[in-house]
Amino acid sequence: MNSISTAKLLGAIEAGGTKFICVIANEAGEILMRRTIPTEQPQKTLSACDDFFVEAKLRCGSISALGIGSFGPIELNPNANDYGYIKQTPKPGWSGTNLVGFFSQKLGVPVAFDTDVNAAALGEHTHGVTQGCDNFVYVTVGTGIGAGVISGGLLVQGLGHLEFGHILIPRHAHDVNAVSNCPFHENCLEGLASGASLNLRAPSGVSELSLDHPIWIAEIYYLALMCANLTQIYAPEKIVLGGGVMLKQGLLPKIHAEFLRLVNGYAHERILEKVESYIVPSALDGVAGVVGALALARSVS
Ligand code: ZN
């Protein structure tokens, strides 16, 4: 069956530091085509994305809008001269890449643009664990750490986007000598608790280490501390934890217990009574970014 649908189609890109995931979907969010493209030099990666959308158009029809959730830092102010660009990044070759300009010009459709973690937060809001919840925080604990905050149903934005991974935190007693993975900070969350920093501590991998290992004890402390601070700053109704580090079996209950120890009774009774329905796993692990980028596309279609 090769009939070309006349229903509205949407395109989305989850632009990550290691891979770009391109999809097209129908209005219901059903993914019709998907391709994963490695993040290499910008020209190569972007033209491979463009090839995908050319093929998708031939097979399925034209998209009416594109949503991009990108690694950062990026410029999100539509009035800025460099709106839609990736700003100064340690990722070789990518500083100053004009993502929105490239795809607007190639595809000729409206392009909505946000950070990868904000897109994932939107994904959870539209199709995941926080549907119907207008005040929550989504945190990805993967190679890096980032958070998207939805307050009153809207993403929190200011002068630039949140750089939550770089909040400064005290070190755990087991971790005073570890090298931070962040080139800017000796004591930031991403530097001490990201997947990349875990790999720095245990180059052969941490997934096989027991949760009683000092590396995991420190990690549990950092992630619980993060949840305690998010609770006091944003008063969210839920905290959603996603990303590769959270796939470790048994990690979440340990974070719950450490969180309760740290807040020491000073939190809303709903949190204290049922912490397991307050700090929850992502319902869309692995696809929250794409689902959210489709929601971005829908917002401008
Ligand atoms: Zn940092």
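Model, not experiment: these values are computed from the prediction. (Residues numbered from 1 in each chain as written. Predicted model: local features only at pLDDT ≥ 70, side-chain atom pairs only at ≥ 80, totals over all residues. Heavy atoms only, no water.)

Q: Looking at this model, I keep getting lost on the nonpolar core. Mind explaining?
A: One recurring pattern in soluble globular proteins: nonpolar side chains tend to sit buried together. In this structure, Val 139, Met 226, Leu 241, Leu 251, Phe 259 and Ile 279 are the most contacted members of the largest nonpolar core, which totals 41 residues. Elements with a minimum of two residues in this core: strand E6 (136-141), strand E7 (145-151), helix H4 (189-193), helix H6 (214-234), strand E9 (238-242) and helix H7 (251-263). Per-element accounting of this core gives the leading share, 13 residues, to H6. Counting 29 residues, the second-largest nonpolar core is a separate cluster that includes Leu 66, Phe 71, Ile 74 and Leu 76. (Core = buried A, V, L, I, M, F, W, Y, C linked by side-chain atoms within 4.5 Å. Buried < 20%, exposed > 50% of the residue type's maximum accessible area, 1.4 Å probe, protein only. Helix = DSSP H or I, 4+ residues; strand = E, 2+ residues; numbered from the N terminus.)

Q: In this structure, what is going on with the coordination of the zinc ion? I would like to understand it.
A: As a benchmark, a tetrahedral metal site with four donors has ideal angles of 109.5 degrees, while an octahedral site with six donors has ideal angles of 90 or 180 degrees. Protein-derived ligands of the zinc ion are His 166 (ND1), Cys 182 (SG), His 185 (ND1) and Cys 188 (SG), with the metal-ligand distances lying across 2.1 to 2.4 Å. Between the four donor atoms coordinating the zinc ion, the angles at the centre fall across 102 to 118 degrees, so the site counts as tetrahedral. Site description for the zinc ion: donor spacing in sequence, H-x15-C-x2-H-x2-C. The exposure classification of Cys 182 matches that of Cys 188, with both residues buried. (Donors = N, O, S within 2.8 Å, 3.2 Å for Na, K, Ca; no water. Tetrahedral: all angles 85-135°; square planar, octahedral: opposite > 155°, others 65-115°.)

Q: Can you walk me through the sheet that holds strand E2 (residues 19-26) in this structure?
A: Backbone-to-backbone hydrogen bonds join strands into a sheet, with any given pair of strands oriented parallel or antiparallel. In spatial order, the strands read E3-E2-E1-E4-E5; together these five strands make up an open sheet with mixed pairing. Every interior strand has two partners, whereas the edge strands, strand E3 (31-38) and strand E5 (111-115), have only one. Averaged over all pairs of adjacent strands, the angle between strand axes in this sheet comes to 15 degrees, irrespective of strand direction. Bridging between strand E1 (residues 9-15) and E2 involves seven bridges; their strand directions are antiparallel. Note on E2: the bridge partner recorded for Ile 13 is Cys 22. Each of E1, strand E4 (63-70) and E5 touches helix H3 (residues 116-127); the most contacted strand, E5, lies at about 105 degrees to it. Packing against the sheet, helix H9 (residues 288-300) makes contact with E1, E2, E3, E4 and E5, and its axis sits at approximately 135 degrees to E1. (Pairing = 2+ DSSP bridges. Axes fitted to C-alpha atoms, helices over the stretch in contact; angles between N-to-C directions. Contact = heavy atoms within 4.5 Å.)

Q: Just checking my understanding: could you explain the layout of surface pockets for this structure?
A: Empty space among the atoms becomes visible once a probe the size of a water molecule is rolled across them. In this structure, the largest pocket occupies an estimated 1,600 Å³ of space. In terms of lining residues, the largest pocket is bounded by 47 residues, among which Phe 71, Asp 116, Thr 143, Gly 144 and Ile 145 are the most central. Those elements that provide at least two residues to the lining of the largest pocket are E2, H3, E6, E7 and H9. Element by element, the count of residues in the lining of the largest pocket is highest for H3, at four residues. Along the lines of polarity and charge, the residues of the lining of the largest pocket split into 19 nonpolar, 21 polar and seven charged. When residues of the lining of the largest pocket are assigned to domains, at least three map to each of domain 1 (3-118 + 287-300) and domain 2 (130-281). (1 Å grid on protein atoms, 1.4 Å probe; cavity = no way out; pocket = protein on both sides within 12 Å on 5 of 7 lines; lining within 4 Å. Points joined across faces, edges and corners; volume = space filled by probe spheres on them. Nonpolar A, V, L, I, M, F, W, Y, C, P; charged D, E, K, R; others polar. Domains from an automatic or database assignment.)

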